[in-house]
Amino acid sequence: MQKIAAFTTTIPVEVVLASGYRPLDLNNIFVSDPNPSSLVEKAEFSGFAGSSCAWIKGLYSVLVSPEHNKDIDVFIAVTEGDCSNAKVLEQIVAAETGIRTFIFNFPYFREIDKMRSEISRFAEFMGTDYASCVRTWKELSSLRRKLKIIDETSYLYPGSVTGEENHLFLVSSSDFCGDPQEYEAKADDFIKELDHRKRFADPSRKKIAYLGVPPIVPVHAFLEERNATVVYNEIQREFAMLDEYPTIEEQYTNYTYPYSAAFRFEKAIAEIKKRNVDGIIHYVQSFCHRQLEDIILRKLLESKGLNIPLLTLEFDKPSNKIDARVATRIEAFLETI
Ligand code: SF4
């Protein structure tokens, strides 16, 4: 059985693959669980506060549940560049399970040489080396180009790729569902289907930019049913590393998620303009420090004179439907655009 390296958020997945481990993004396991609320409750039963973020509770429960963790050999927590909750989660997991842990830090100032040493330090821990990671990175470029085709088709032919399909292809590329070759075959099949679907693109659909962490509720499907399609999934697109750079360390220093909100939103605004969106949804998770970034986003949009309607949505717990109060807010927002 291939050993699993599980992680809290996107890391240089090339290191995991080069070391022969199967990558596992814990977020994808939590959110696709048939009953994610039970994972949140399990963490609360173990002592997590009701007022801490649902994602961190879900990740904890996946890591300590025998049905999920039996083949996890290494747990990688990203501390610098993600979330302070991950720092303590690493300590809890080290204390409560036999899983080996590693802390990955995105260099605070986006220095390329520091990124290279952090990748090398990670590679050494995983029993591989920098040169092997670079080889893997080159091998992944064809898959990433295919994901880019799917992403670009979503706004060039509105409605041909649903917001949810694009979201799933991009968000799952943090670990390629454990198998990049199988994932690439799935992308190939989807691209073939798009040749047919493009003919039925519908320019009258409202084009939405979705900014923020991936949702814990089905926002994309809700919009789709109301003649609106998400044509830009900001953070998910970042996870997929679709922009090409000359080196692996440059790729990861240009990955916006671990860095300042201004850096993130400058790139997002360029995409929003390119994709000519009609409205922006900014998703924020309850009890997450990233909620405050909404202030920076609004100021940046204003300073650039961009008058695109913006709706900020906050969600707390996982659910398979949007509650009536929020549904009304989204519908009212769609009517304004
Ligand atoms: S949503 Fe925010 S608080 Fe929760 S795990 Fe992610 S970064 Fe941390």
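Quantities reported herein were computed from a predicted structural model and do not represent experimental measurements. (Residues numbered from 1 in each chain as written. Predicted model: local features only at pLDDT ≥ 70, side-chain atom pairs only at ≥ 80, totals over all residues. Heavy atoms only, no water.)

J.: Describe the site of the ligand, naming the residues involved and giving the relevant values.
T.: Lining the immediate environment of the ligand, one finds Cys53, Trp55, Asp82, Cys83, Asn85, Tyr257, Gln285, Cys288 and His289. Classifying every residue of the shell around the ligand by side-chain character gives 5 nonpolar, 3 polar and 1 charged. When we break the shell around the ligand down by domain, the ones giving at least three residues each are domain 1 (4-130) and domain 2 (140-336). (Near = heavy atom within 4 Å. Nonpolar A, V, L, I, M, F, W, Y, C, P; charged D, E, K, R; others polar. Domains from an automatic or database assignment.)

J.: I'd like to hear about the packing of aromatic side chains, residue by residue, with values.
T.: For the structure on display, the rule yields 17 aromatic pairs. Arranged with centres 5.4 Å apart and planes meeting at 80°, the rings of phenylalanine 30 and tryptophan 55 form a pair that is edge-to-face. Here tryptophan 55 lies in helix α4 (residues 54-64) and phenylalanine 30 lies in helix α2 (residues 26-31), a separation of 25 residues in the sequence. An identical accessibility class is assigned to phenylalanine 30 and tryptophan 55; each is buried. On the numbers, 6.5 Å between centres and 85° between planes, the contact of tyrosine 252 with tyrosine 255 is edge-to-face. Residue tyrosine 252 shares its accessibility class with tyrosine 255, and that shared class is buried. Joined through ring pairs, the aromatic side chains of Phe102, Phe104, Phe106, Phe122, Phe125, Phe239, Tyr252, Tyr255 and Tyr257 make up one cluster. Here the basic side chain of lysine 186 rests over the ring of phenylalanine 169, its NZ or CZ set 5.4 Å away from the ring centre. (Phe/Tyr/Trp six-rings, centres within 6.5 Å; stacked < 30°, edge-to-face > 60°. Helix = DSSP H or I, 4+ residues; strand = E, 2+ residues; numbered from the N terminus. Buried < 20%, exposed > 50% of the residue type's maximum accessible area, 1.4 Å probe, protein only. Lys NZ or Arg CZ within 6 Å of the ring centre and 35° of its normal.)

J.: Which residues make up the domain arrangement of the chain, and what are the values?
T.: Interface size is often expressed as the accessible area that is lost when the parts come together. Per the domain assignment, the segments of the chain are domain 1 (4-130) and domain 2 (140-336). Using only C-alpha atoms to locate each centre, domain 1 and domain 2 end up separated by 23 Å. Counting from both sides, the interface comprises 38 residues of domain 1 and, opposite them, 36 residues of domain 2. The junction of domain 1 with domain 2 conceals about 2,900 Å² of combined surface from both sides, 61% of it contributed by carbon and sulfur atoms. When residues of domain 1 are sorted by the area they lose upon contact with domain 2, Thr10, Trp55 and Arg110 head the list and together hold 21% of the total. Where domain 1 meets domain 2, there are 1 salt bridge. The shortest N-O distance in the salt bridge between arginine 144 and glutamate 14 comes to 2.8 Å. At the surface where domain 1 touches domain 2, the tally comes to 12 residue pairs in polar contact (both at pLDDT 80 or more). Taken together, the residues of the side of domain 1 that touches domain 2 sort by class into 22 nonpolar, 8 polar and 8 charged. (Contact = heavy atoms within 4.5 Å. Buried area = accessible area lost by both parts, 1.4 Å probe. Salt bridge = Lys/Arg side-chain N within 4 Å of Asp/Glu carboxyl O. Polar contact = N/O pair within 3.5 Å; in protein donor to acceptor, adjacent residues only side chain to side chain.)

J.: Could you give an account of the sheet that holds strand β6 (residues 228-233), naming the residues involved and the relevant values?
T.: Taken in spatial order, the 4 strands of this open sheet run β6-β5-β7-β8, and their pairing is parallel. The open sheet has two edge strands, β6 and β8 (310-315), and neither has a second partner. The sheet shows a mean angle of 30° between the axes of neighbouring strands, taken without regard to direction. One ladder, built from 5 bridges, connects strand β5 (residues 206-212) with strand β7 (residues 279-285); its direction is parallel. Counterpart to alanine 209 in the pairing with β7 is isoleucine 280. (Pairing = 2+ DSSP bridges. Axes fitted to C-alpha atoms, helices over the stretch in contact; angles between N-to-C directions.)

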